Amino acid sequence: MVIMHLTGFAPFVFLLLLVGCSARPLYPLPSKEANRYRQPLQTSRPYNIAHRGSNGEIPEETAAAYMRAIEEGADFIETDILSSKDGVLICFHDVTLDETTDIAKHTEFADRKRTYDVQGVNTTGFFTVDFTLKELKTLRVKQRYPFRDQQYNGKFPIITFEEFISIALDAPRVVGIYPEIKNPVLINQHVKWSNGKRFEDKFVETLKKYGYKGSYMSKDWLKQPAFIQSFAPTSLVYVSNLTDLPKIFLIDDITIPTQDTNQSYWEITSDSYLSYIKEYVVGIGPWKDTVVPVVNNYLQTPTDLVPMAHAHNLQVHPYTFRNDNSSLHFDFRQDPYQEYEYWLNKIGVDGLFTDFTGSLHNYQEWTSFNQSDNSNASKLLHKIALLVSSYTKA
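Residues numbered from 1 in each chain as written. Predicted model: local features only at pLDDT ≥ 70, side-chain atom pairs only at ≥ 80, totals over all residues. Heavy atoms only, no water.

Right, let's get into the packing of aromatic side chains. Scanning the model with the defined rule gives 32 aromatic pairs in all. Taken together, Y47, F76, Y178, Y216, W221, F227, F231, Y319 and F353 form an aromatic cluster joined through their ring pairs. Above the face of the F131 ring, R112 is positioned so that its terminal group lies 5.0 Å from the ring centre. Positioned over the ring face of Y238 is R198, at 3.9 Å from the centre of the ring. (Phe/Tyr/Trp six-rings, centres within 6.5 Å; stacked < 30°, edge-to-face > 60°. Lys NZ or Arg CZ within 6 Å of the ring centre and 35° of its normal.)

Laid out in structure tokens, this is it:
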């Protein structure tokens, strides 16, 4: 057992050493190895969606976080896509670099701080759109939350959308990708591409470049699975004319307006709006407290959002599931497995965005028994009984 553990861990240790010692990009573009036979995507149970990689362990949106998520059993690796000043798509969640990079240490960029309107709020910081890719690559990512492991701070660079894709395509099994068109209004305001192209065009072009195509569960899709997600309904409608890849409409707190249509998510979670959006998307990704309201950290009566979405044949992939004590509602008594049990079996969702890929995978493995499992278990028990009976007779 020890040998197996060390063998599985060795590539990851090598990864850390390589990142720390080399200034070159860690991941090449997808190799020919991507075409070899690989274990297919599992489609028999709700999807394990690695939210920004396995970022409960390793700083978010980094190559190491995505590799760890794949190692731990993720079905999809999720990422947020923004742009650099020179129009290169990158994997990064915040529109500013302040919270999750070491930008404060880079005095050469001290004059880059700006104030922009971000979804109706004046926001001040160092914005990705004011830095070239070369400049962004000099930064190092750090853990967002102080109560999580800090040992990997400063070890990993920001990666591009193409580098992210290479990680999925070179995985030892079929692993889907789940990229988000992040803050398209802001990006289209500050980054200009040739020929009048916009952020969404470059986003879809990148997916097509690496062979991502096909409607949900089609042969092409199963070969290279991908969901496109966004909080901006107009972006989803726009990209629906560019690709038939399945799309997921993200839903925030019901009091927050959308960034592009200025509708409240209260309106967007209505039956009539779901009827409209289902023409463009295959599912919704709601904030979990929108599905089950919370008061004083206790769950309240679930809304009808999940059954209403299912009635429209829409999948539901809520976000974000975290093992940290501060993120677990009192009902689950600090036990993430109880939370998984509640959402997968009582609420009946079709996938979960989680910061802790390994724990969700373990829960699903331990609780997923099919007929062949039962049959094999019965045969094993029968063999044990025969062995025991022989000793009894002796």
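To continue, consider the pattern of salt bridges. Across all of its chains, the model carries 20 salt bridges by this definition. Its salt-bridge partner being E163, residue K137 comes within 2.8 Å of it at the nearest N-O pair. Pair noted here: K137 is in the loop between α3 (133-136) and α4 (161-169) and E163 is in helix α4, with a separation of 26 residues, a long-range link. Using a relative accessible area of 22% as the deciding quantity, one classes K137 as partly exposed. Ionic pairing is found between D355 and R322, a salt bridge with its closest N-O pair at 2.7 Å. (Salt bridge = Lys/Arg side-chain N within 4 Å of Asp/Glu carboxyl O. Helix = DSSP H or I, 4+ residues; strand = E, 2+ residues; numbered from the N terminus. Buried < 20%, exposed > 50% of the residue type's maximum accessible area, 1.4 Å probe, protein only.)

This brings us to the pairing of strand β2 (residues 76-83). Counting buried residues in β2 gives eight out of eight residues, a clear majority hidden from the surface. In β2, alternate side chains face the same way, and those of F76, E78, D80 and L82 on one face and I77, T79, I81 and S83 on the other are all buried. Note that strand β1 (residues 47-50) and β2 share two bridges and pair parallel. Residue pairing across strands places A50 opposite I77, the latter belonging to β2. Where β2 meets strand β6 (residues 176-181), six bridges bridge the pair, whose relative direction is parallel. Note on β6: the bridge partner recorded for F76 is G176. Strand direction decides the pairing type here: β2 and strand β3 (residues 89-91), joined by three bridges, are antiparallel. Bridge pairing in β3 links S83 to L89. Taking the residues that link successive antiparallel strands as the turn, the β2-β3 hairpin has five residues, and the phi of G87 there is positive, at about 80°. (Pairing = 2+ DSSP bridges.)

We now examine the side chain of H93. For H93, the position within the fold is in the loop between β3 and β4 (114-118). Using a relative accessible area of 18% as the deciding quantity, one classes H93 as buried. A polar contact is formed between the side chain of H93 and the side chain of D94, at a distance of 2.6 Å. What H93 contacts, discounting residues up to four positions off in sequence, is R52, E60, E61, D80, L82, R144 and K182. (Polar contact = N/O pair within 3.5 Å; in protein donor to acceptor, adjacent residues only side chain to side chain. Contact = heavy atoms within 4.5 Å.)

Moving on, we get to the packing of α4 against helix α6 (residues 199-209). For the pair α4 and α6, interaxial distance at closest approach is 11 Å and the crossing angle is 35°. Judged by the sense of rotation from one axis to the other, the crossing of α4 with α6 is right-handed. Residues F161, E162 and I165 of α4 form the contact with α6, whose own contacting residues are F203, T206, L207 and K209. Classifying every residue of the contact of α4 with α6 gives four nonpolar, one polar and two charged. (Axes fitted to C-alpha atoms, helices over the stretch in contact; angles between N-to-C directions. Left-handed = near helix turned anticlockwise from the far one by under 90°. Nonpolar A, V, L, I, M, F, W, Y, C, P; charged D, E, K, R; others polar.)

The analysis is restricted to geometry; functional conclusions fall outside its scope.
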